[in-house]
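These are the residues of each chain, in order.
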Amino acid sequence: MTKKLILSFLLLLLLNSPPLIFTEEDKFSRNDFPPHFVFGASSSAYQYEGAAFEDGRTPSIWDTFAHAGRVHGANGDIACDGYHKYKEDVQLMVETGLEAYRFSISWPRLIPNGRGPVNPKGLEYYNNLINELIFYGIQPHVTLLHNDLPQALEDEYGGLLSRKIVKDFTAYADVCFREFGDRVLYWTTFNEANIFALGGYDAGLTPPGHCSPPFGMNCTSGNSSSEPYIAAHNILLAHSSAARLYKKNHQARQRGFIGINLFAYWFIPYTNATEDVIATQRANDFYVGWIVNPMVFGDYPYIMKKNAGRRIPAFTKLESKQVKGSFDFIGLNHYNTLYIKDNPSSLKRDDRDFNADMAAKITYQSETLHDVFPIRPWGLVGILEYFKQVYGNPPIYIHENGQMTRRNTTLNDTPRVNYLHGFIGSLLDALRNGSNTRGYFTWSFLDLFELLDGYESSFGLYYVDLEDEDLKRYPKLSAHWYSNFLKGRSISLDGTIEVEKMSAISESHFSQ
Ligand code: NOJ
C-alpha cells in the first residue's frame, strides 16, 4: 500500500506546474460547471451570530477562550449580529446570486447545557434562517460543530477528551436531524476535524486552547503529545455514531447526505531530494490520512501508528467497521499550498507532538512575508487529484477557500478577486480531470470574527462596518466579481477594465 501511495504521489507531483499567468483562455463562467454543482459562501455560528447572552444561549469553549483574551483581545459577543440580521443577510445572498449557504448550528444555543431540553428560541432562530434560505431557493449546508462545543460539557468531562462526547454529540445531532432534516439535505458533523484537534490541543491557538511546553504558549492545561490524538479519535467516533444514526433513522425519508470536514493543505516537496518527497507523503498521511484513512480504510495510516506509538488510540474491530464508510461526502477547507522538508531529527526527541511525529518541516517557500496568502491555485488540482487517486474519488465539497486580507475599509480587494479567479479556474480544471467535487463555498460571506485574530484579518465578500451601530454591510470588489460569475457572465482576469469598472461600483456603494 505504502509503495502504491508513493507512486501515485510522484505522479501527482508532475501536475504541479506553478505558473500563475492568466490569459484569454482563463475565461470561464458558471455555465462551464455542471448545473447541479453548487456555488455558495460560508460562515459559522460563533463567528457570525453574536447575541451570545440572548434567549437562553450558554457559553461555548470558544466564548471562554476569547474572553480569556486569547483571540487578540476580541470576542464574538456581537460578531456580525447575524442572530438579528439574518433576513438582511439572506437578501444580500440573493442579490449576490448564491446558490447555497454553509453555516453552523450553535450547540449551546440549541441545547444550552449540551444535553437535555431544547431551547425553543434557538429552535425558532434556526427554523427561521432555514426557511428564509429555502424561500429564496438557497440550499442550506449545515455544520453541526464548528469549534463552539458547549462549555458545560467541557467542564463536566473535558469535552472532546472524553468518550462521553460520542453520546451527547449523537443526541444533539439527532435533534438537528429531526427538527431541520425535512429542509436541510447536507449535514457536516465536524468542521476541520484535524485542526480542531491540532489547534485546540497541540498549539493551543484555538479553543479550548490546551497545550503543554515546549509545544504551545501560555497554556494552563493540556498535553500536546497525546491530547490531539485522543481528541481526533473521539471526533471520528462521534462522527461515525451520528452518521450511523442519520443513515438508520432519517436518510431514507429525508433523502439527505452526511459527511465530515477537514482542513487540507496541498503539500509539495521543498526539493527534489527523495527524503523531501517521502516526507511530503508523510505530511499528507498526518494531515489528511489522520481523518480520511479511518473513514475510507478503517484505520490510521501506518506511519502515524508507528511514529506516535501508544499515544494514538487504537480502533477496536467494531469501531473500525463503524468508522469505515461512514460518509456520503468529504468537506475540504483548502487555502494554501505549502512546502515540506524532511526533518528526521525530530523523531529522536523523547517528548514529541504531532509535528515531531510527522518528522517534517512545513514552509511557505517564499522570500517575502505575506500579508495575504500567496495564490497557488494549482494546489487545488493537486489535492483533488490526490483524493481521486488515493481515496477512490469520493464526492467532495470545497467548504472553504478564500483570501485573507487586513480588515479595513478598502473595498477594492483585488487580491481576493485574483484568488477567487485562480481557484475557481483550477476547480474547473480538476472537474475536467474527473474529480468528483460537487460544490464550492468561499470563506467567507461577510467579514466575521476570525478564528486566529478576531477582527484584524478578514476573508469576506462583504465588509461589515464595526464602527456603525447597525453593523452595515458593504460589498467589496470580490462580491461583485463572484456575483458576476454566479450570474453566468464570462469572467477573465485580463479584463483589467472589467475590474476597474467593478471597483468604481464598489467605492460608490460605500460612499452612499
Ligand atoms: C478555518 C475555519 O473553519 C474558520 O473558522 C476560519 O475562520 C477560517 N478557516 C479562516 O481561518
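Residues numbered from 1 in each chain as written. Predicted model: local features only at pLDDT ≥ 70, side-chain atom pairs only at ≥ 80, totals over all residues. Heavy atoms only, no water.

Draft legend 1. Region of the structure containing the sheet that holds strand β8 (residues 337–342). Spatially, the 3 strands line up as an open sheet ordered β6-β8-β9, and their pairing is mixed. The open sheet has two free edges, formed respectively by β6 (266–269) and β9 (360–363), since each of these has just one partner strand. Taking the axes of each pair of neighbouring strands and ignoring which way they run, one obtains an average angle of 35° across the sheet. Of the strand pairs in this sheet, β8 and β9 are connected by 4 bridges, and their pairing is antiparallel. Along β9, the bridge assignment pairs Y339 with T363. (Pairing = 2+ DSSP bridges. Helix = DSSP H or I, 4+ residues; strand = E, 2+ residues; numbered from the N terminus. Axes fitted to C-alpha atoms, helices over the stretch in contact; angles between N-to-C directions.)

Draft legend 2. Structural context of the pairing of β6. The side-chain alternation of β6 yields two buried faces, one formed by W266 and I268 and the other by F267 and P269. Where β6 and β8 come together, 4 bridges link them in parallel fashion. Along β8, the bridge assignment pairs F267 with L338. (Buried < 20%, exposed > 50% of the residue type's maximum accessible area, 1.4 Å probe, protein only.)

Draft legend 3. Region of interest: helix α4 (residues 82–96). Counted at 1.5 Å a residue, the expected span for α4 with its 15 residues is 21 Å, but the 17 Å between its end C-alpha atoms falls short. Taken as a whole, α4 carries its principal kink of about 40° at E88. Considered for burial, the residues of α4 that qualify are G82, Y83, K85, Y86, D89, V90, L92, M93 and T96. Phi for G97, located one or two positions after α4, is positive at around 95°. (Expected span 1.5 Å × (residues − 1). Bend = angle between axes of the 7 residues up to and from the residue.)

Draft legend 4. A look at the layout of surface pockets. Its boundaries defined by the atoms lining it, the largest pocket holds a volume of some 1200 Å³. In terms of lining residues, the largest pocket is bounded by 49 residues, among which I195, L205, F263, Y265 and L452 are the most central. Those elements that place two or more of their residues in the lining of the largest pocket are α9 (193–203), α14 (354–358) and β9. Here the lining of the largest pocket takes 5 residues from α9, the largest share from any one element. Partitioned by chemical class, the residues of the lining of the largest pocket number 25 nonpolar, 14 polar and 10 charged. (1 Å grid on protein atoms, 1.4 Å probe; cavity = no way out; pocket = protein on both sides within 12 Å on 5 of 7 lines; lining within 4 Å. Points joined across faces, edges and corners; volume = space filled by probe spheres on them. Nonpolar A, V, L, I, M, F, W, Y, C, P; charged D, E, K, R; others polar.)

Limitation: the analysis is restricted to geometry and does not speak to function.
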